[in-house]
Amino acid sequence: MKRNLLTLLLVILCGAPLVSCHYDADAELKALEDEMTRLEQEDQRIRAHFLEKINSLRGRLTTLIAQVEADLKARIDKEGDALIHSLNLRVSALKTDILNGFNDSRDYMNQRFSSCKKHISDSFDKLDKSKDALEDLIRDALDKQETERVKKLMALESKLDAVLERAERVQNGLAGLEEKLASAEELNRRLNKVSTTLDDLDEAFGEMEQNQLALMQLVEDEITDEYLNSLTSAQLAQVKAAVADAEALIDQMESYKDELEDLSAQSEDMLGSMEDLSDWLGSAVDDYDSMLGDCEGALDNCLEFWSYFENSDAEDKLGEIESLAEENVELYDSTLDMLDEIDAHVETFYATVWDWEAHCHDCLQSAYDLGQEAIDKYGEIESVRG
């Protein structure tokens, strides 16, 4: 009897864990089933949300695709109306006018400015001789303690110094102008580079639009509801990320096109500066003639200075010499003003072309980068599709 009770007790004790294990397994299975149901519902919610996003994107893409296709067709059918190509035609026309103007200016300077420089050199020679003679007169007046005479002679010396200082500035200005005009080859190289960059930009922009069109058509035609419903959750997540990136890239491309519109507006300003330079170069030779006339007039005055000192009647003609000196300063000042104007035109041209080239190159690089990104994103979506 005791043995039977012991056996019964052992059976009860051993069976208790089994009952407990059976109860825990049922609860865990129920929890797993609930989690699977929740995940399926979440998956359906994500799919519905993604389908809504894709359908919204398709609505945008339909309009954009039609627009890009029309732009590409217009580019092929009527290239002259294309934004960049139209700019380049104007640049090419201006380039010819500007280079002809620079070459005419350079040829004129080669022929005539040597005489102007000789006039200035002769002026220095006569002015130096006049100054030496004037200093002799000042010493003589000092020796004789003729105070009023010393004041008049020193005032005249100051005016002659002003003439010499202006003549030196004109001489330096002419040398600088010759150097700038002699570098027309560099200007030609820069203009050609702008023209080449615009050509490249036109081509890169067309390629970018082709790649943009291919990417948009892929998203519109291939990422269908049926295709999305066939994907696993993991594949859906991949496609979702890839399409989101593609949408952001398409937005970036559209923004870049707005940037090119800004380039067009800036180009109008730059073309305006170049047209101003072209117009000025057309009349530059007349300006040079005027400048040479001033140089010749200044030399004539210096020769007249010297004639008074050479003939020992300078003191009798102090008023006339003073008047001639003032006239010389005015002549040289007008020449310096013209040199400053010429220099400003050339510097503006350099700065304009340099900035334009840099901006066009940045736009060119952006077009290539965006086009390549579109190809990469196309390939990524295709790889997910298998």
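Student: Explanation requested: the overall build of the chain in the structure shown.
Tutor: Within the chain one finds 7 helices and 0 strands. The N-to-C order of helical and strand elements in the chain reads α-α-α-α-α-α-α. Within the span of the chain, comprising 386 residues, buried residues form 39% of the whole. A sequence separation of at least 24 residues applies to 90% of the contacts in the chain between residues at least 6 apart. Total accessible area on the chain stands at roughly 20900 Å², and carbon and sulfur atoms take up 50% of it.

Student: Even after reading the chapter, I still don't get the nonpolar core, so can you show me in this structure?
Tutor: Across soluble globular proteins, nonpolar side chains show a tendency to be buried alongside one another. In this structure, Phe102, Phe113, Leu177, Tyr288, Met291, Phe349 and Trp356 are the most contacted members of the largest nonpolar core, which totals 67 residues. Going through the elements one at a time, helix H2 (83–143), helix H3 (147–182), helix H4 (184–222), helix H6 (233–310) and helix H7 (318–385) are the ones with two or more residues in this core. If you look at the next biggest cluster of nonpolar residues, it comprises 39 residues, including Ile223, Leu231, Ala242 and Ile381.

Student: Please clarify how a negative patch on the surface should be interpreted in this entry.
Tutor: On the surface, Asp258, Glu259, Glu261, Asp262 and Asp362 cluster together into a patch of negative charge. At 4 residues, the largest contribution of residues to the negative patch is made by H6. With respect to the secondary-structure elements, Asp362 resides in helix H7.

Student: What am I meant to see in the side chain of Glu254 here?
Tutor: The topology assignment puts Glu254 in helix H6. In this structure Glu254 comes out as buried when scored by relative accessible area, which is 17%. The residues touching Glu254, leaving out its near neighbours within four places in the chain, are Leu64, Gln67 and Gln212.

Student: Is there a simple way to explain the environment of Leu181 in this structure?
Tutor: As for its placement among the helices and strands, Leu181 is situated in helix H3. Considered as a pair, Leu181 and Val346 are 165 residues apart in the sequence and their alpha carbons are 8.6 Å apart. Apart from residues no more than four positions distant in its own chain, Leu181 is found in contact with Phe102, Ser105, Arg106, Met109 and Tyr288.

Student: Looking at this structure, I do not really get the environment of Lys95. What am I missing?
Tutor: Take Lys95: it is sitting in helix H2. Taking the C-alpha atoms as reference, Lys95 lies 9.7 Å from Glu275; in sequence the two are 180 residues apart. Once residues lying within four places of it in the same chain are set aside, the contact partners of Lys95 are Asn188, Leu191 and Asn192.

Student: In this structure, what is going on with the pattern of salt bridges? I would like to understand it.
Tutor: Close approach of charged atoms lets side chains of opposite charge pair. Tallied over the entire structure, the rule returns 23 salt bridges. We note a salt bridge from Glu148 to Lys151, for which the minimum N-O separation is 4.0 Å. Linking Glu148 with Lys151, this pair stays in helix H3, spanning 3 residues, or about one helical turn. Relative accessible area serves as the criterion here: at 52%, Glu148 is assigned to the exposed category. Judged by its relative accessible area of 52%, Lys151 falls in the exposed class. A salt bridge links Glu380 to Lys377, with the shortest nitrogen-to-oxygen separation between them at 2.7 Å. Remark: Lys377 and Glu380 occur in helix H7; sequence separation between them is 3 residues, near one turn of the helix. Note on Lys377: relative accessible area 12%, which makes it buried. When salt bridges with common partners are traced through the structure, they connect Asp140, Lys144, Glu146, Arg149 and Glu315 into a single cluster.

Student: Would you mind going over the environment of Leu281 with me for this structure?
Tutor: Topologically, Leu281 is positioned in helix H6. The spacing of Leu281 and Leu99 is 182 residues in sequence and 9.2 Å in space, taken between C-alpha atoms. Filtering out sequence-adjacent residues up to four positions away, Leu281 remains in contact with Ile98, Gly101, Phe102 and Ser105.

Conventions used here
Residues numbered from 1 in each chain as written. Predicted model: local features only at pLDDT ≥ 70, side-chain atom pairs only at ≥ 80, totals over all residues. Heavy atoms only, no water. Helix = DSSP H or I, 4+ residues; strand = E, 2+ residues; numbered from the N terminus. Buried < 20%, exposed > 50% of the residue type's maximum accessible area, 1.4 Å probe, protein only. Contact = heavy atoms within 4.5 Å. Areas by Shrake-Rupley, 256 points an atom, 1.4 Å probe, with all protein chains shown as cover. Core = buried A, V, L, I, M, F, W, Y, C linked by side-chain atoms within 4.5 Å. Patch = residues over 30% accessible without salt bridge, like charges linked within 9 Å, V, L, I, M, F, W, Y side chains within 5 Å. Salt bridge = Lys/Arg side-chain N within 4 Å of Asp/Glu carboxyl O. Lys, Arg positive; Asp, Glu negative; His and termini not counted. Charge placed at Lys NZ, Arg CZ, Asp CG, Glu CD.

Just distances and angles here, no functional claims.
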